[in-house]
Structures are given as C-alpha cells and as structure tokens.
Amino acid sequence: MFAIKEKIYEAEQIEIIKDGAVAFKVSKGDSLYKKILKEWSAMTEKAHQMPAFGVSIDDLTREEKKSGLWIEFVFGEEKSDCDMPFTKLLAAVKPKDCGLNLIRWDGKGYNGRCFYLDLNGETSENFYKELELLCKGN
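Keep in mind the model is a prediction, meaning the values are calculated, not measured. Residue numbers run consecutively from 1 along every chain, following the written order of its sequence. Residues qualify for local features only when their pLDDT is at least 70, as the model is predicted, and side-chain atom pairs are given and counted only at 80 or more; totals for whole chains, interfaces and linings, by contrast, use all residues. Water and hydrogen atoms play no part in the side-chain values, which are based on all heavy atoms of the structure.

A. Highlighting the overall build of the protein. Helix and strand assignments come from DSSP, with helices taken as H or I runs of at least 4 residues and strands as E runs of at least 2, each series counted from the N terminus. On a plain count of helices and strands, the protein comes out with four helices and seven strands. Starting at the N terminus, the α and β elements of the protein follow one another as α-β-β-α-β-α-β-β-β-β-α. Its C-alpha atoms give the protein a radius of gyration of 14 Å, near enough to 14 Å, the size a compact globule of 138 residues would have. If you line up the protein on its principal axes, its C-alpha atoms span 35 × 30 × 30 Å. For each residue, the accessible area found with a 1.4 Å probe, counting protein chains only, is set against the maximum for its type, and the residue is called buried under 20%, exposed over 50%, and partly exposed in between. Burial statistics for the protein: of 138 residues in total, 43% are counted as buried. Any pair of residues with heavy atoms lying within 4.5 Å of one another is described as a contacting pair. Taking contacts inside the protein between residues at least 6 apart in sequence as the whole, the part at least 24 apart equals 62%. Summing over all exposed atoms, the protein offers an accessible surface of approximately 7,400 Å²; the carbon and sulfur share of this is 49%. The positive count covers Lys and Arg only, the negative count covers Asp and Glu only, and His and the chain ends enter neither. Positions of charges follow a simple convention, taking NZ of Lys, CZ of Arg, CG of Asp or CD of Glu. Taking the 21 positively charged and 24 negatively charged side chains of the protein as two groups, their mean positions are separated by 2 Å. The atom set for the radius of gyration is the C-alpha atoms, and the globule formula is 2.2 Å times the number of residues raised to the power 0.38. Each accessible area value is a Shrake-Rupley result obtained with a 1.4 Å probe; residue values ignore everything except the protein chains displayed when judging cover.

So, in structure tokens, the structure goes:
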C-alpha cells in the first residue's frame, strides 16, 4: 500500500525554502505547521501516488533548489514507503503543477528514486500562493 500521503503528517519539522535560502522553519505543534498541513491536505485530498518518472541526483537537486519555492518535510527518524527509506522529503512547489515529485533524502544526499503525487485534477496554485504569503510575512 502506498502511504506517502499519510507519512507527511509524521514530519517533525517543515522548512520552506525560497530561492536557495530557508525562508522559515516550523515545528510540529506550531500553529503555522498546522496551517501548512491544512493547505497541504486540501491540495492532496484527491491525490494518488504513482511511480516517479525519474531519480534524483544530489548535485542537480541542490542546484535546482537555489531557485523557486520548495517545501521540505523533516522526520525525526527514518521512514520508508515502497521499500524506499528517507529522513526528509523535498518538493518544488510551482503554481500550475498537477503533481509533485517528493525527493528523498537518504542521509547522504538527495539520491535515488522519488515519490510522485498526482493531484488528480487539482493544481498546486492555492498551496503555492499560501506559501508565498507566508514567506513575505517572515
């Protein structure tokens, strides 16, 4: 069973990265953490997990992370789904995307297969706008 959608809610911390710099971090229990997960939930309500089309290469992912808006879910311990372990999940958030690649941190880098969430007819536009607003407020 694919459970990556549910595992997101086990993150101990969420980091929002804007143009290569951490715009802000929130920890589990914080009201902003709850707000971000509420928006995430709305975006992914009908989403379903599909095989990712590619793999992450650490150097390339780090370079891409220098621009745009990103969200990273940080877990207190190693998690696994589909026999793919991770301690962090990173995703680029773009306003018109219909899906998200969740890039795994394997303890050494952003290496290997990713998870893919198809938003099933939805886009990430509202989530993107909310994160942009939060970045301006921090």
